[in-house]
Amino acid sequence: MSAQKVALITGASRGIGAETAMLFAQHGYAVCINYLSNAEAAYAIKHHIEQAGGRCITVQADVSLADDVDRLFATVDSELGSISALVNNAAILAAQCRLEDISEQRFMNILRTNVLSCFLCCKAAVQRMSTRQGGTGGAIVNLSSAASKSGSPNEYIDYAASKGAIDTLTRGLALEVAAEGIRVNAVRPGLIYTEMHASGGEALRVDRLKSKIPMLRGGRPKEVAQAILWLASEHASFVTGSFIDPTGGL
Ligand code: NDP
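Report on the accompanying structure. (Residues numbered from 1 in each chain as written. Predicted model: local features only at pLDDT ≥ 70, side-chain atom pairs only at ≥ 80, totals over all residues. Heavy atoms only, no water.)

**So, the site of the ligand**
As a matter of local geometry, the ligand sits amid 32 residues, with Ser13, Ser37, Asn89, Tyr159 and Thr194 nearest to it. A distance of 2.6 Å is found between an oxygen atom of the ligand and a backbone nitrogen or oxygen belonging to serine 37. The contact in question runs from an oxygen atom of the ligand to an N or O atom on the side chain of threonine 194, over 2.5 Å. If the ligand stood free it would expose 920 Å²; the protein chains cover 96% of that surface. Of the residues in the shell around the ligand, the class split is 15 nonpolar, 13 polar and four charged. (Near = heavy atom within 4 Å. Polar contact = N/O pair within 3.5 Å; in protein donor to acceptor, adjacent residues only side chain to side chain. Areas by Shrake-Rupley, 256 points an atom, 1.4 Å probe, with all protein chains shown as cover. Nonpolar A, V, L, I, M, F, W, Y, C, P; charged D, E, K, R; others polar.)

Right, here's the structure in full:
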């Protein structure tokens, strides 16, 4: 089995996940790019990584479904080897509106995709990484959001609440597995230029709001990816249960 570090990044076909996959590959990780439906975009990131000499696989899986997560991790086991880093990046948001206009179905869909997915992937990773279970340790980085603190009133309280759950899960799991060789941390980005804002019905949201950011600009996906890479790396070897907020001061 190869001694190369192995990273699984969920939702890595575009945006922050894609930048993270490329950055991890640049830093020597064999990378699994997970995606939901955009195979073409996932293959383009894989192609980019392989052109630069990196090792990479793509796996379609809906990370909100337990069977898909089992298949995803089994594929990483068999094709890349022991997982050393998990980045729980996949998430969705829906159209901007007030809480009373959010349907129960939408609320549950957001929680399943943003929170249950993180729980399922963390569980599969801990089963493999924990020294208590014969593993050699590892690092988990969860994507939360500045929304976990702002609450996103009049936009998407459901999404913000899902990110609040990620903060709590991160802290609890970090303490639970701290003595088992696993570090668990999160990043809470602010306004980042990705396609996610179009899902909320406002593709140009970052530009509308950038004057409220102390640094007076939106963030780039790579600026978030750098924080994720650092948290997963040995440079952060004494960091667990912590949060990095790439927000430009917001
Ligand atoms: P994007 O909307 O650009 O990309 C989302 C990715 O998640 C895509 O690769 C998509 O796959 C994948 N995905 C969605 N649902 C699933 C699923 N059920 N199973 C597997 N993959 C799935 O998102 P961003 O890059 O903007 O966001 C990445 C993370 O950063 C998210 O957790 C987000 O909440 C967080 N964040 C983003 C901010 C921003 O301003 N952009 C700010 C704060 C936090 P496919 O392409 O196949 O649909």
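Still more to cover.
**Remarks on the sheet that holds strand β2 (residues 30-35)**
Spatial ordering of the open sheet is given by β3-β2-β1-β4-β5-β6-β7, a layout of seven strands whose pairing is parallel. Taken across any chain shown, the strands that pair with only one partner, and hence form the sheet edges, are β3 (56-60) and β7 (243-244). Pairing of strand β5 (residues 138-143) with strand β6 (residues 182-187) involves six bridges; the strand directions are parallel. Residue pairing across strands places alanine 139 opposite arginine 183, the latter belonging to β6. On top of the sheet, helix α9 (residues 221-232) reaches β4 (85-88), β5, β6 and β7; it is set at about 165 degrees to β6, its chief contact. (Pairing = 2+ DSSP bridges. Helix = DSSP H or I, 4+ residues; strand = E, 2+ residues; numbered from the N terminus. Contact = heavy atoms within 4.5 Å. Axes fitted to C-alpha atoms, helices over the stretch in contact; angles between N-to-C directions.)

**Points about the side chain of serine 144**
Mapped onto the secondary structure, serine 144 falls in the loop between β5 and α5 (147-150). Serine 144 sits in the buried class, given a relative accessible area of 3%. A distance of 2.6 Å separates the side chain of serine 144 from the side chain of aspartate 167, its partner in a polar contact. In this structure serine 144 touches Lys163, Ile166, Asp167, Val187, Arg188 and Pro189, once residues within four positions along its chain are discounted. (Buried < 20%, exposed > 50% of the residue type's maximum accessible area, 1.4 Å probe, protein only.)

**Re the environment of glycine 181**
In this fold, glycine 181 is placed in the loop between α6 (157-177) and β6. Each C-alpha atom of the pair glycine 181 and aspartate 68 lies 26 Å from the other, and the pair is 113 residues apart in sequence. Residue contacts for glycine 181: discarding those within four places in its chain leaves Thr131, Gly137 and Gly138.

**As for the packing of helix α4 (residues 104-129) against α6**
The interhelical angle for the contact between α4 and α6, taken along N-to-C directions, is 15 degrees, at an axis separation of 9 Å. Between α4 and α6, the angle falls in the class roughly parallel. Here α4 and α6 pass one another in a crossing that is right-handed. Where α4 abuts α6, its residues Arg106, Phe107, Ile110, Leu111, Asn114, Val115, Cys118, Phe119, Cys122 and Val126 lie against Asp158, Tyr159, Ser162, Ala165, Ile166, Leu169, Leu173 and Val177. For the contact of α4 with α6, the residue count by class is 14 nonpolar, two polar and two charged. (Parallel < 35°, antiparallel > 145°, perpendicular 65-115°, else oblique. Left-handed = near helix turned anticlockwise from the far one by under 90°.)

**Things to note about the nonpolar core**
Core analysis: the biggest nonpolar cluster contains 34 residues, and Phe24, Ile33 and Ile228 have the highest contact counts within it. Mapped by element, the contributors of at least two residues to this core are β1 (6-9), α1 (15-26), β2, α2 (39-51), β4, β5 and α9. Apart from the residues lying within four places of it in its own chain, the contact partners of phenylalanine 24 are Ala7, Ile9, Tyr29, Val31, Ala85, Val87, Ile228, Leu229 and Ala232. Counting residues in hydrophobic clusters, the runner-up holds 31 residues, among them Val6, Val59, Ala90 and Cys122. (Core = buried A, V, L, I, M, F, W, Y, C linked by side-chain atoms within 4.5 Å.)

**Regarding the packing of α1 against α9**
Packing of α1 against α9 brings their axes to within 8 Å, and their N-to-C directions diverge by 55 degrees. Between α1 and α9, the interaxial angle falls into the category oblique. The two elements α1 and α9 cross, and the hand of that crossing is right-handed. Listed contacts from α9 to Gly15, Ile16, Glu19, Thr20, Leu23 and Phe24 of α1 are Pro221, Lys222, Val224, Ala225, Gln226, Ile228, Leu229 and Ala232. Class assignment for the residues of the contact of α1 with α9 results in nine nonpolar, three polar and two charged.

**Focus: the pattern of salt bridges**
Tallied over the entire structure, the rule returns 14 salt bridges. Here arginine 98 makes a salt bridge to glutamate 100, at a shortest N to O gap of 2.9 Å. By relative accessible area, arginine 98 is classed as partly exposed at 46%. Residue classification places glutamate 100 among the exposed positions, given a relative accessible area of 54%. Overlapping salt bridges bring together Lys149, Asp167, Arg188 and Asp245 as one network. (Salt bridge = Lys/Arg side-chain N within 4 Å of Asp/Glu carboxyl O.)

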